[in-house]
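# Analysis of the macromolecular model
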Number of protein chains: 4
Amino acid sequence: MSSRAAIYRLTHPRRAARGSPLLAILPELICTAGLLAMIADTAASAGSRADLFLSGIVTTVWGLFVAVYVLRIWSAPEAAARHASAAGARLGYLLSTRGWIDLMAALALPAGWLTGLPHRDAQLFAIVWALKYIRQSSGLTVLLRVIRRAAPALVGIVTLFLVVLLIAATLSYLFEREAQPEAFGSIPRALWWAIVTLSTTGYGDVVPTTIWGRVLAAWVMVGGIVIFALWAGIIATAFAEELQRRHFLRTWDLVAEVPFFQTLGAAAIADIVRLLHVRDASAGTVVMRKGQAGDSMYFIVSGEATAMLASKSVKLGPGEHFGEMALLFGTPRSATVVITEPSVLLVLDVADFRILAGRRPELINVIEAEGRRRREENAAVRGA
Amino acid sequence: MSSRAAIYRLTHPRRAARGSPLLAILPELICTAGLLAMIADTAASAGSRADLFLSGIVTTVWGLFVAVYVLRIWSAPEAAARHASAAGARLGYLLSTRGWIDLMAALALPAGWLTGLPHRDAQLFAIVWALKYIRQSSGLTVLLRVIRRAAPALVGIVTLFLVVLLIAATLSYLFEREAQPEAFGSIPRALWWAIVTLSTTGYGDVVPTTIWGRVLAAWVMVGGIVIFALWAGIIATAFAEELQRRHFLRTWDLVAEVPFFQTLGAAAIADIVRLLHVRDASAGTVVMRKGQAGDSMYFIVSGEATAMLASKSVKLGPGEHFGEMALLFGTPRSATVVITEPSVLLVLDVADFRILAGRRPELINVIEAEGRRRREENAAVRGA
Amino acid sequence: MSSRAAIYRLTHPRRAARGSPLLAILPELICTAGLLAMIADTAASAGSRADLFLSGIVTTVWGLFVAVYVLRIWSAPEAAARHASAAGARLGYLLSTRGWIDLMAALALPAGWLTGLPHRDAQLFAIVWALKYIRQSSGLTVLLRVIRRAAPALVGIVTLFLVVLLIAATLSYLFEREAQPEAFGSIPRALWWAIVTLSTTGYGDVVPTTIWGRVLAAWVMVGGIVIFALWAGIIATAFAEELQRRHFLRTWDLVAEVPFFQTLGAAAIADIVRLLHVRDASAGTVVMRKGQAGDSMYFIVSGEATAMLASKSVKLGPGEHFGEMALLFGTPRSATVVITEPSVLLVLDVADFRILAGRRPELINVIEAEGRRRREENAAVRGA
Amino acid sequence: MSSRAAIYRLTHPRRAARGSPLLAILPELICTAGLLAMIADTAASAGSRADLFLSGIVTTVWGLFVAVYVLRIWSAPEAAARHASAAGARLGYLLSTRGWIDLMAALALPAGWLTGLPHRDAQLFAIVWALKYIRQSSGLTVLLRVIRRAAPALVGIVTLFLVVLLIAATLSYLFEREAQPEAFGSIPRALWWAIVTLSTTGYGDVVPTTIWGRVLAAWVMVGGIVIFALWAGIIATAFAEELQRRHFLRTWDLVAEVPFFQTLGAAAIADIVRLLHVRDASAGTVVMRKGQAGDSMYFIVSGEATAMLASKSVKLGPGEHFGEMALLFGTPRSATVVITEPSVLLVLDVADFRILAGRRPELINVIEAEGRRRREENAAVRGA
């Protein structure tokens, strides 16, 4: 392995460190350390030993981020085999979302220093490091798609929210300005009360005291609840659709890699894809244990598993399946199966197996034939 | 029955006491008594008669839990007929979730005493008894599966929540630290305000007073509502899926026990399972009353019901069905049916009956033939 | 009409007064007047003229409720033609939910007087009149079914809620009892803080001040949000199912009354029922206006409509349909249709019409043939 | 173009200014300027320069609204070609929702002046301008339909909400009136506490202090959460249905304009419509970029796109499709496609493409044939 490849692996631990969970979350740990030190430093008295120590951590983490940025630029060509030029690969990284976030992380402290603020305040710019978490959360990309999908309705609610807010502030200004000139003396001031009430936060620092102000407040509170409910309802709907879509896409790609399914037509695959679940298993995971009741069967997409039968061990590789006997005959598991290399499995749940049995009997026949063959084999082995 | 079996039944009242609801919830009642006494004791003055009385209850409940733990270990072999050795059965219980919770319940008070705290404080460890409720709630296992199923998206939201919290605290520290050094003098302090606002709790003990602090607060409140709505939406989606899956599985197993459905192919069963609802009925329940309008028919999975016709009573056992005449001919119920032994019924609603009539006419024909036969029988009986 | 029948109509205005909305909500108006007077009376000074006036209203409303109860008992036989005996009909009313609520409404004030409280306080028992609203809201029966359907999961959440509440109170008692003995001096006292925080109400009268108390509070707030989200998710799921079921049932019954659909098999009807919406139209409603674009067609279940064509008016009765031409040919409405007697209509939306066109071409052919016939008829009329 | 047509275009910028986003939101910008000036004016001291300036803006915006109203009446006949008379077109505008809102906007200030209030207060009537936002938000019309669809259940919840509110106020009056006569001295006063608590706003200005008052408060808080959850659940359900319906309708109309689909039967179209998404693209949008991985194909409904192949550019007009090669063969995009005129596209996602491949193989065959033809063409071009 070239030194550039080594550097690439070092600066992209998630991809490189398959199976080593501690190494995989190392970037998050470093980022967390830097942010915690920055936060704690605001509570330390300036110039104390604690301050110096915490500032040191922040500066060290920043140094690491600068180094990572430089090294990632240098090693970028490792990632993209098909790119013709190293310069192109590097530009690609620089312009990617990840590249921009890395740049911002590296520029956080210098930007603070440039403002001429004292060092302790300049350090607050390190808050942009929090973006690194967001980048690495796959759940958030789902959320973003959901929000985009529900955008027209959400815009409608935001408009409604703002109009209600404005009307509430104007009316409360009318009703309360004489009783409480300090809090309701102008509409901008009344807006503070309106937002605190419409969001049902209710600090209680400003409370209407006139009859009409209270009647208005009651309506605003109920309005806040209803707008909130609309929000929740819209997002729930959009989320359900998006989740279904993502699951379908990922599973389809994996199903295409299992030879067992490749003889099927598109219609049958579309049917099956809806029923399969994807599961990533790290080495050492015990997928099933001999003698237990079984509620799912497994297809290996990639990786390796070992089935420990009574008399021998059988290695199972990509494309093979196991666990179908428990579903077919209702018997307890006849073998313990352990993952021996990090694997991607497709799981067929017993509920879905039965739905499939109804819709695609030909598929079940194939699985049954295979299951019967294995059972006889097991029996023969025991008999031997 | 051996004494060990008797002890087993005594320490597992839910399984043993079919039909005796008071006995079935005895463990919860004891647990509740212990917790209430522990709670009330914190309000009693130390050494008073009330204190002694309440401490006594707590200690008694603890004694019961120790006894139950020991007896359950001893009687564990009763539960598992197929286990070869008694030791294995006992180890199985010790390592089960239930076993761990029972152990913690038994060790609660000793753990308190070991800390060297005064007796009244040591007693607070009894709070772990609350776990016993969780263990026994089937609804909670559903919730856990739901949370596991929605895990990636939930992780995304929690990340978002933490990042927003951190940014809110940092900005509020910047905006408010001079106006309110006590509450916003460092980021850790500002975090208190941020969480109170982001969760829309709004105690009002810390309230921003500067213009920018209030603008920030408005955004944080709205952000809190949106994050919350995302949460609700995700959980709603995952919950709907899980509920459907559980219903399908349980009903399938029950349908397999009704001879009426056994002649059907897997596809037809999968169709029917979607439409049937499961209902547990205790002895004495009046399922239908003569002369009422009917909106569902019933299949008996286990237990026994008695149909009281004009001139005689007919016992109905597992596998039999009743109530179809009201659905078929729209006539009022022709008999009162009472459950005479605790039963599990499958219920086919009138809405679903009609859907089924469209999709599976052959099934309806069988039910109709049976219904017509019974009607003639009834008429013959009356004519006799 | 016998005097008993007249009394029956008078005391059941909703059923009798079809088309007279003011009369139909008369019971609610009376009930509201009574409750408002009772509420306002608590603000009037005892013995003042306002007090006497308001008490008078309350007593008058009570008198009406007593009279209604007695008259409803007497006229109950009017409702049930098939009951053999008048006594049976009366007993039926007495034991019905409505009967019990009427009894409670009639006994409200006497129950107050029996307690020996002063008249103004005795009057507070009139709060039970609020039950009358609940009884008359059809939406609430839906809600009750929803809650029953989701019961196991809701029990799980309530358990979780209580366990979290208990643990929060115990921990806050440990963390805060020294700093704030008044508010956290015992677990029962700490429970007040716990519920105010877990529900994210956040009065702010009790606020943790220690570091650990605040960390706990943050978790409790987030826990409150999550539990709430679970609640919303479960109810949303159950509600969606129930709504679908109700719509299906009501529409099925109405479809069965339209001759047009009676020749269809059960499968076709099940398909159509899913697509039709029910609409109650009072006399005078203009269902469609000549020249407008059309987005739905209508089937008359009961009542009467009049189509005003260019040269003549055509009466349309139960079983007939109209408005299909706009859907078939995309032309504007060719006639204005007014409801001339209170009617129940089945509405087929343009979106659903197209789905139906795909699934049931034979049905669309019939509608098309009818539409073409009418168009020619219209042309002939114009040509004449 | 006649001057009337020019005026019409000027006063309806959204319709006229296709592709010019700034002009399209001009009415909102003017409206926002007027509202902000009105709000800011309440904070300026009367008679100051700021006051005069801001009042000037408000009056100017009002003048614009009056002018727009008059000009829209005059130019209304431009909108409706088929109307026989100009008077009819004008009356149509006057009676439309838009006409009413424009009228109210124009009368806002005069109405304020008529009240005889000082000018600064009269200006507050300008709050009705906020209605202009609502009118122009398409999301809000969705929300209104959703609320109408869920109306019966929502009425049920509102009833429940009011009954719970009333009972809470009455009980809190009983429990707390002696301890806090100021806040709970009558039911109307107690209602303030009840609504603040039931909406979980929790100002904290009124807090129960008795044991029973606090137990009641706990129930009211939990009740508030549950009622809120019901609300969210109902709206979520209704929203999901409405969204599906709207999408179906709009897509159907667009599909009908694409010749490719016109040979298909209604059943096939209904199938496809469910899978297509609509996308509005402004000129200059890069729909796909050469070399990228592709996850959707596009049909042009209206407008124009240009595909930049290796050697030449191809213009694509309404009815043509592109991007299918990436889906069919899994190859990266072979061309960059840019929108050259504002267009409406139908997008077929890869997930949905595969579902379609299962359900409608004949359709995929046509797309495949077309794709193969294009690939050969591209190869021929390169070979040339």
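All residue numbers refer to position in the chain's written sequence, counted from 1. Written order decides the labels, with chains lettered from A and ligands numbered from 1. Reporting of local features is limited, given that this is a predicted model, to residues whose pLDDT is at least 70; pairs of side-chain atoms are given and counted only at 80 or more, and all residues count toward the totals for whole chains, interfaces and linings. Note that water and hydrogens are dropped before the side-chain values are worked out from all heavy atoms of the structure.

Here we take up the overall build of chain A. When its secondary structure is counted, chain A shows 19 helices and 6 strands. Relative to its 384 residues, chain A shows a buried fraction of 49%. Whether two residues touch is decided by their heavy atoms; if any such pair falls within 4.5 Å, the residues are in contact. Nonlocal contacts in chain A, meaning residues at least 24 apart in sequence, comprise 69% of its contacts between residues at least 6 apart. A run of H or I in DSSP becomes a helix once it reaches four residues, and a run of E becomes a strand once it reaches two; helices and strands are each numbered from the N terminus. Per-residue accessibility, obtained with a 1.4 Å probe over protein chains only, is compared with the maximum for each type, and a residue is labelled buried under 20%, exposed over 50%, and partly exposed between these values.

Take the pattern of salt bridges next. We define a salt bridge as a contact between a side-chain nitrogen of Lys or Arg and a carboxyl oxygen of Asp or Glu at a distance within 4 Å. A full pass over the atoms with the stated rule returns 24 salt bridges over all chains. Across the pair Glu304 of chain C and Lys315 of chain C runs a salt bridge whose closest N-O atoms are separated by 3.7 Å. Residue Glu304 of chain C is found in strand E3 (residues 296–308), and its partner Lys315 of chain C is found in strand E4 (residues 313–316); the two are separated by 11 residues along the sequence. On the accessibility criterion, Glu304 of chain C (18% relative accessible area) is buried. Residue Asp102 of chain D pairs with Lys132 of chain D through a salt bridge whose shortest N-O separation is 3.3 Å. Taken as a pair, Asp102 of chain D in helix H7 (residues 97–114) and Lys132 of chain D in helix H9 (residues 130–136) lie far apart in primary sequence, 30 residues in all. Among the charged side chains, a network of salt bridges with common partners joins Asp41, Asp51 and Arg120 of chain A.

This paragraph deals with the relation of the copies chain B and chain C. Only residues with pLDDT of at least 70 in both copies count here: their C-alpha atoms drive the least-squares fit that superposes the copies. Mapping chain B onto chain C is achieved by rotating through 90° and translating by 0.1 Å along the same axis, at an RMSD of 0.1 Å. Here the two chains are linked by the operation of a four-fold rotation axis. Little of the interface of chain B is mirrored in chain C, where only 12% of its interface residues are also at the interface.

Where interface size is quoted, it is often the accessible area lost as the parts come together. Tallying the contact residues gives 42 residues for chain D and 52 residues for chain A. Each partner contributes to the roughly 4,000 Å² buried at the junction of chain D and chain A, and carbon and sulfur atoms together form 76% of this total. In this description, buried area is defined as the sum, over both parts, of the accessible area (probe of 1.4 Å) that is lost when the two are combined. Three residues stand out in chain D for area buried against chain A, namely Trp192, Tyr203 and Arg354 of chain D, and they jointly supply 18% of the buried area on that side. Linking chain D with chain A are 1 salt bridge, by the criterion used here. The partner of Asp121 of chain D in a salt bridge is Arg177 of chain A, and the shortest N-O contact between them spans 2.8 Å. In the analysis that follows, any N or O atom pair within 3.5 Å is treated as a polar contact, provided that within protein one partner can donate a hydrogen and the other can accept it, and provided that, for residues neighboring in sequence, both atoms belong to side chains. At the boundary of chain D with chain A, the tally comes to 4 residue pairs in polar contact (both at pLDDT 80 or more). Of all the secondary structure elements, the ones that give two or more residues to the side of chain D that touches chain A are helix H4 (26–41), H9, helix H10 (138–149), helix H13 (187–198), helix H14 (211–255) and helix H18 (350–359) of chain D. Ranked by residue count, the leading element in the side of chain D that touches chain A is H14 of chain D, at 7 residues.

Turning our eyes to something else, we now look at the packing of aromatic side chains. Classification of ring pairs uses Phe, Tyr and Trp, with its six-membered ring standing for Trp, and accepts pairs whose centres are within 6.5 Å; under 30 degrees between planes counts as stacked, over 60 as edge-to-face, and the remaining range as tilted. The final tally for this structure, using the stated rule, is 28 aromatic pairs over all chains. In this scheme, Lys NZ or Arg CZ marks a charge over a ring once it lies within 6 Å of the ring centre and within 35 degrees of the ring normal. When the ring centre of Phe65 of chain A is taken as reference, the NZ or CZ atom of Lys132 of chain A above it lies at 4.2 Å.

A separate point is the relation of the copies chain D and chain A. Of the transformation placing chain D onto chain A, the axial shift is 0.1 Å and the rotation is 90°, giving an RMSD of 0.1 Å. Little of the interface of chain D is mirrored in chain A: 14% of its interface residues are interface residues there too.

Residues and elements named next belong to chain A. Patches here: salt-bridge-free residues with over 30% relative accessible area, like charges joined within 9 Å, nonpolar side chains (Val, Leu, Ile, Met, Phe, Trp, Tyr) joined within 5 Å. Where accessible areas are quoted, they stem from the Shrake-Rupley method and a 1.4 Å probe; at the residue level, only the protein chains shown are allowed to cover. Taken together, Ile167, Leu171, Leu174, Phe175, Ile211, Trp212, Val215 and Trp219 make up a surface patch of nonpolar side chains, about 800 Å² in accessible area. Those elements giving two or more residues to the nonpolar patch turn out to be helix H11 (151–176) and helix H14 (211–255). Within the element layout of this structure, Leu174 appears in helix H11. Overall, Leu174 belongs to the partly exposed group, its relative accessible area being 37%.

Before going further, it helps to examine the side chain of Asp41 of chain A. Residue and element names in this part refer to chain A. With respect to the element layout, Asp41 can be found in helix H4 (residues 26–41). Side chain to side chain, Asp41 and Gln123 meet in a polar contact 2.9 Å long. With residues up to four places along the chain from it excluded, the contact list for Asp41 reads Asp51, Leu54, Ser55, Arg120 and Gln123.

This brings us to the nonpolar core. To form a nonpolar core, buried Ala, Val, Leu, Ile, Met, Phe, Trp, Tyr and Cys residues must be joined to one another through side-chain atoms within 4.5 Å. One finds Trp129 of chain A, Trp129 and Trp231 of chain B, Trp129 and Trp231 of chain C together with Trp129 of chain D to be the most contacted residues of the largest nonpolar core, which totals 259 residues. Beyond its immediate sequence surroundings of up to four residues, Trp129 of chain C is in contact with Cys31, Gly34, Leu35, Val58, Val61, Trp62, Phe65, Ala105 and Ala108 of chain C. Counting residues in hydrophobic clusters, the runner-up holds 115 residues, among them Leu328 of chain A, Leu356 of chain B, Val255 of chain C together with Ile367 of chain D.

On to the interface of chain B and chain C, then. At the junction of the two partners, chain B supplies 42 residues and chain C supplies 51 residues. In total, about 4,000 Å² of surface goes out of reach between chain B and chain C, with carbon and sulfur atoms giving 76% of it. Ranking the residues of chain B by area buried against chain C places Trp192, Tyr203 and Arg354 of chain B at the top, with a combined share of 17%. For the pair chain B and chain C, the number of links is 1 salt bridge. For the pair chain B and chain C, the number of links is 4 residue pairs in polar contact (both at pLDDT 80 or more). Every element with two or more residues in the side of chain B that touches chain C is listed here: helix H4 (26–41), helix H9 (131–136), helix H10 (138–149), helix H13 (187–198), helix H14 (211–255) and helix H18 (350–359) of chain B. Three residue categories are used. Nonpolar comprises Ala, Val, Leu, Ile, Met, Phe, Trp, Tyr, Cys and Pro, charged comprises Asp, Glu, Lys and Arg, and polar comprises the others, including Gly. Taken together, the residues of the side of chain B that touches chain C sort by class into 27 nonpolar, 10 polar and 5 charged.

All names here are of chain B. Strands pair, by our definition, only if DSSP identifies at least two bridges between them. Examined bridge by bridge, strand E3 (residues 296–308) and strand E4 (residues 313–316) share 4 bridges and lie antiparallel to one another. Opposite Thr306, over in E4, you have Lys315 as the bridge partner. Count of turn residues in the E3/E4 antiparallel hairpin: 4 residues.

Residues and elements named next belong to chain B. It is at 9 Å that the axes of helix H1 (residues 3–11) and helix H5 (residues 49–75) come closest, and there the two elements cross at 130°. As the angle between them shows, H1 and H5 are arranged oblique. The crossing of H1 and H5 is left-handed. Of the residues in H5, those in contact with Ser3, Arg4, Ile7, Tyr8 and Thr11 of H1 are Leu71, Arg72, Trp74 and Ser75. The class makeup of the residues in the contact of H1 with H5 is 4 nonpolar, 3 polar and 2 charged. Note on geometry: axes are C-alpha line fits, over the in-contact stretch for helices, and angles between N-to-C directions span 0 to 180 degrees. Any angle between 65 and 115 degrees counts as roughly perpendicular, while under 35 counts as roughly parallel, over 145 as roughly antiparallel, and the rest as oblique. Helix crossings get a hand from a simple test, with the near helix turned counterclockwise from the far one by less than a right angle marking a left-handed crossing and a clockwise turn marking a right-handed one.

The subject of this paragraph is the environment of Ile234 of chain B. When you line up the elements, Ile234 of chain B lands in helix H14. With relative accessibility at 1%, the residue Ile234 of chain B sits in the buried group. When the C-alpha positions of Ile234 of chain B and Ala44 of chain B are compared, they lie 45 Å apart, and in sequence the two are 190 residues distant. Beyond its immediate stretch of four places on either side in the chain, Ile234 of chain B contacts Leu143 and Phe239 of chain A together with Ala150, Ala153, Leu154 and Ile157 of chain B.

It is worth spelling out the environment of Thr306 of chain C at this point. All names here are of chain C. Here Thr306 is to be found in strand E3. Here Thr306 falls in the buried class, since its relative accessible area comes to 9%. Expressed as a C-alpha distance, the spacing of Thr306 and Pro27, which sit 279 residues apart in the sequence, is 34 Å.

Residue and element names in this part refer to chain A. Regarding helix H1 (residues 3–11), the residues found buried are Ala5, Ile7, Tyr8 and Thr11. Buried residues along H1 cover an arc of 160° about the axis, so they all sit on one side. Opposite the buried face of H1, by more than 90 degrees, sit the exposed residues Ser3 and Leu10. What the arc measures is the spread of directions leading from the helix axis to the C-beta atoms.

What follows concerns the confidence of the model for chain A. Model confidence for chain A is summarised by a mean pLDDT of 81, while 88% of its residues fall at 70 or above. Confidence metrics for the complex model read pTM 0.77 and ipTM 0.75. Each residue gets a pLDDT score, which is the predictor's confidence in that residue and runs from 0 to 100.

Residues and elements named next belong to chain A. Positive phi outside glycine occurs at Thr200, with the angle close to 50°. For Thr200, the location among the structural elements is in the loop between helix H13 (187–198) and H14. Among the residues examined, Thr200 registers a relative accessible area of 6% and is labelled buried.

With that out of the way, let us pick up the environment of Ser343 of chain A. Along the polypeptide, Ser343 of chain A turns up in strand E6 (residues 336–349). One polar contact links the side chain of Ser343 of chain A to the main-chain amide nitrogen of Glu304 of chain A, over a distance of 3.1 Å.

Moving on to the packing of helix H11 (residues 151–176) of chain C against helix H14 (residues 211–255) of chain C. Residues and elements named next belong to chain C. Two elements in contact, H11 and H14, have axes separated by 10 Å at closest approach and are oriented at 170°. Overall, the two elements H11 and H14 adopt an arrangement that is roughly antiparallel. On the side of H11, the interface is formed by Ala153, Leu154, Ile157, Val158, Leu160, Phe161, Val164, Ala168, Leu171, Ser172, Phe175 and Glu176, while H14 contributes Trp212, Gly213, Leu216, Val220, Ile227, Leu230, Trp231, Ile234 and Ile235. Tallied by class, residues from the contact of H11 with H14 come to 18 nonpolar, 2 polar and 1 charged.

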